[in-house]
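Spelled out, the chains give:
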Amino acid sequence: MKLFSHWQRIILVLVVAIALFAGVAFALNFYNQGKLQAWSLPNLWRTLLTFDQRQQSTRTAATREATGSATAEAPSSSSIPSLTATPTPAPVDPYAHDPDLRDVPWGQAVQVSETGWRMKVGFDEQMGTPQETFQALNHYRYTKGKSNLTWDDRLARYALERATFICQHGSDSHEGFKRYVSEEEGYKTLGFYWLGENMSTHMRLSGTHLIEWMYAADPDHDGNQLGDWSHVGVGIFEDCSAVIFGNLMI
């Protein structure tokens, strides 16, 4: 029994061939799509990760730039003071290399010449005025049971001359005062038969400290300011002082 004619067999072969070709093409297409998907998913993930990292880097850079501009004037960490307590520095002795005072206790006067004394003492911010020193002198005399002294303008003017001279030229160990009294008849000009002098050079002290620290530190100057006087004049020039005492007014 003949099932197919010659042309039918040819058509059938063509249909089968086309079907096989279509099946192979479909299989290849499916295989290629599978590979594409297998490649695309991890690469797509990496691409997304890379993009996210780039976004984060951009945001970080922007943040750093913004932070840097905001803190451009702020002090660096190295310049910020530590919260740890700073040790108190040991005081520097300004007289460490002074041959007269380096081994002398603070506040103790040491005699350096026949009439000169020196001492270690801390200076004040301002020099005492003549009136402050005058008041301090009378207060000190009162605590020692001595009478108050009366201010005298003639003694004060001469005291200012002496303070100015010794401040500009240095101490003369009272030689100028002695010459003025004995050779220039200064006792007549000042109006007293009995005169005395205390002086200090470059000692910036208040009135109280001039009297109770410096002049009271040695027996010569302290004995002079506690002496049997009736009048006094004080002269201050910069950080130098002169105190002229008088008694037995002419």
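Please refer to the structure higher up on the page.
Throughout what follows, the structure given in this document is the object of discussion. Computed from a prediction, not measured in an experiment: that's the story for all the values here.

### A short note on the state of the cysteines
Part 1 of the argument: Summed over the entire model, instances satisfying the criterion amount to one disulfide.
Part 2 of the argument: Paired through a disulfide, C167 and C240 show a sulfur-sulfur distance of 2.3 Å. Classification of the bridge connecting C167 and C240 rests on its S-S torsion, roughly 75°, and on that basis the disulfide is right-handed. Highlighted residues: C167 in helix α3 (residues 153-169) and C240 in strand β6 (residues 240-249), separated in sequence by 73 residues. Accessibility assignment for this pair places C167 and C240 in one class, buried.

### Considering the nonpolar core
Part 1 of the argument: In terms of nonpolar packing, the biggest core is built from 22 residues, with L137, M214, V232, V243 and F245 touching the most fellow members.
Part 2 of the argument: Secondary-structure elements contributing two or more residues to this core are α2 (130-143), α6 (207-214), β5 (231-237) and β6.
Part 3 of the argument: Examining the composition of this core, we find that four residues originate from one element, α2, more than from any other.
Part 4 of the argument: Within the second largest apolar cluster, 15 residues are counted, among which are F177, L190, A242 and I244.

Cut-offs and rules
Residues numbered from 1 in each chain as written. Predicted model: local features only at pLDDT ≥ 70, side-chain atom pairs only at ≥ 80, totals over all residues. Heavy atoms only, no water. Disulfide = S-S within 2.5 Å. Helix = DSSP H or I, 4+ residues; strand = E, 2+ residues; numbered from the N terminus. Buried < 20%, exposed > 50% of the residue type's maximum accessible area, 1.4 Å probe, protein only. Core = buried A, V, L, I, M, F, W, Y, C linked by side-chain atoms within 4.5 Å.

Geometric values such as these leave the question of function open.
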